[in-house]
Amino acid sequence: MARIFKAVILGAPASGKGTISARIIKKFNFEHISVGDRLRLQVKNNEGLGIEAKKYIDSGTLVPDDLMTKFVSNELESVDKNWLLDGFPRTLNQAHALWNLHKLDVVINLDVPFDVIIDRVKGRWIHLQSGRVYNMEFNAPKVFGKDDITGEDLVQRKDDQPDVVKMRLEVYCEITKPVIEFFRTMNILQNFQGNTSDEIWPNVVNCLNGYLTDKQISAKQY
Ligand code: G5P
Ligand code: MG
């Protein structure tokens with residue numbers, strides 16, 4: 001059996017992790033595990049970690065490490081194909097915990113200027129059930145307020161309000177940035193700079209194609 005390729009995607013809030021991840025899973029054979037999407041669904045259903053996590057998410061602060069690490073290791077246990085973890089780790093404790101459990105192949109870091117992020121986040125709408133993400137200027141839904149695939153309602157995230165976005169960016173600078181350095185010292189960090197996802201995407205494809213020349217790793221289109 002082919003071995004499982006293990007990847008993480010990092011980046012500031014609204015840097016395009018969900019957008020680039022959706023393109024990766026469309027092109028390559030990965031399962032996308034977006035920690036934020038899975039938490040939001042549990043918040044909506046008032047179940048599992050969602051009950052405890054709601055107050056942290058709404059205020060733009062981080063859910064405690066022990067809860068998050070348990071949540072993510074459980075989510076990863078049932079995955080039997082290449083995976084792309086989005087939104088974890090976000091603290092050095094989480095990074096060490098993940099590294100102890102899984103030796104990652106690559107960490108994709110999206111490096112997008114904060115002024116670009118602040119501008120684009122205002123136009124974000126999401127489909128809660130699937131995590132599909134839209135933007136009124138960049139990738140608008142075909143029908144305003146409706147998901148392209150299911151026709152269900154789109155919602156705006158509470159934590160996309162300007163004061164909460166500011167808090168999330170501060171938390172990112174103080175707590176998450178050291179995680180990038182941690183993976184740099186492990187020699188698995190790939191940094192992608194750009195103002196748009198379209199600019200970043202071809203470089204991500206080249207990078208993953210490089211890894212996927214390894215015959216052990218299966219790809220959808222190759
Ligand atoms: P999340 O859900 O992981 P964030 O803050 O890391 O939240 P977010 O907001 O989901 O990340 P993203 O996925 O990086 O952003 O970005 P995206 O959704 O793809 O793109 C943002 C917007 O820009 C979209 O509208 C998209 O269409 C648009 N866009 C993309 N590219 C372009 C472009 O080129 N041009 C334009 N104009 N627009 C574009 O975490 C949420 C909370 O959960 C908790 C925390 O409370 C966190 O705040 N949490 C954790 N807590 C502790 N530890 C962890 N590991 C945690 N993980 C989650
Ligand atoms: Mg996201």
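Residues numbered from 1 in each chain as written. Chains lettered and ligands numbered in written order. Predicted model: local features only at pLDDT ≥ 70, side-chain atom pairs only at ≥ 80, totals over all residues. Heavy atoms only, no water.

So, on to the side chain of K6. In this structure, K6 sits in strand 1 (residues 6-11). Notably, K6 is buried but unbridged: the nearest opposite-charge side chain belongs to D105, and the N-O separation is 7.0 Å. Side-chain polar atoms of K6 contact the side chain of H102, separated by 3.0 Å. Ignoring anything within four residues of it in the chain, the contact list for K6 reads W83, H102, K103, L104, D105 and V106. (Helix = DSSP H or I, 4+ residues; strand = E, 2+ residues; numbered from the N terminus. Buried < 20%, exposed > 50% of the residue type's maximum accessible area, 1.4 Å probe, protein only. Lys, Arg positive; Asp, Glu negative; His and termini not counted. Salt bridge = Lys/Arg side-chain N within 4 Å of Asp/Glu carboxyl O. Polar contact = N/O pair within 3.5 Å; in protein donor to acceptor, adjacent residues only side chain to side chain. Contact = heavy atoms within 4.5 Å.)

So, on to the nonpolar core. Of all hydrophobic cores here, the largest spans 57 residues; its most connected members are I24, L39, M68, L85, L104, F183 and V204. Aside from chain neighbours lying at most four places away, what touches L104 is K6, V8, W83, L98, W99, F183 and I188. (Core = buried A, V, L, I, M, F, W, Y, C linked by side-chain atoms within 4.5 Å.)

Attention shifts here to the sheet that holds strand 2 (residues 31-34). The five strands are arranged 2-3-1-4-7 in an open sheet whose pairing can be described as parallel. Of all strands in the sheet, those with a lone pairing partner are strand 2 and strand 7 (189-193), marking the two edges. Direction aside, neighbouring strands of the sheet carry axes that sit 20° apart on average. Pairing analysis gives five bridges linking strand 4 (residues 106-111) to strand 7, with the strands arranged parallel. Within the sheet, the bridge partner assigned to V107 lies in strand 7 and is L189. (Pairing = 2+ DSSP bridges. Axes fitted to C-alpha atoms, helices over the stretch in contact; angles between N-to-C directions.)

Moving on, we come to the site of ligand 1. As a matter of local geometry, ligand 1 sits amid 34 residues, with T19, T61, R90, R168 and S197 nearest to it. Here a nitrogen atom of ligand 1 sits 3.1 Å away from a polar atom, N or O, in the main chain of V63. When ligand 1 is considered free in solution it has 1,100 Å² of accessible area, and contact with the protein chains removes 95% of it. Looking at the shell around ligand 1, the elements with two or more residues in it are helix 1 (17-27), helix 2 (35-44), helix 3 (50-59) and strand 6 (133-135). With four residues, the top contributor of residues to the shell around ligand 1 is helix 2. Partitioning the shell around ligand 1 into residue classes produces 14 nonpolar, 12 polar and eight charged. (Near = heavy atom within 4 Å. Areas by Shrake-Rupley, 256 points an atom, 1.4 Å probe, with all protein chains shown as cover. Nonpolar A, V, L, I, M, F, W, Y, C, P; charged D, E, K, R; others polar.)

Let's shift gears to the environment of L39. Here L39 lies in helix 2. Each C-alpha atom of the pair L39 and F144 lies 25 Å from the other, and the pair is 105 residues apart in sequence. Ignoring anything within four residues of it in the chain, the contact list for L39 reads L49, G50, A53, I57, V63, M68 and F71.

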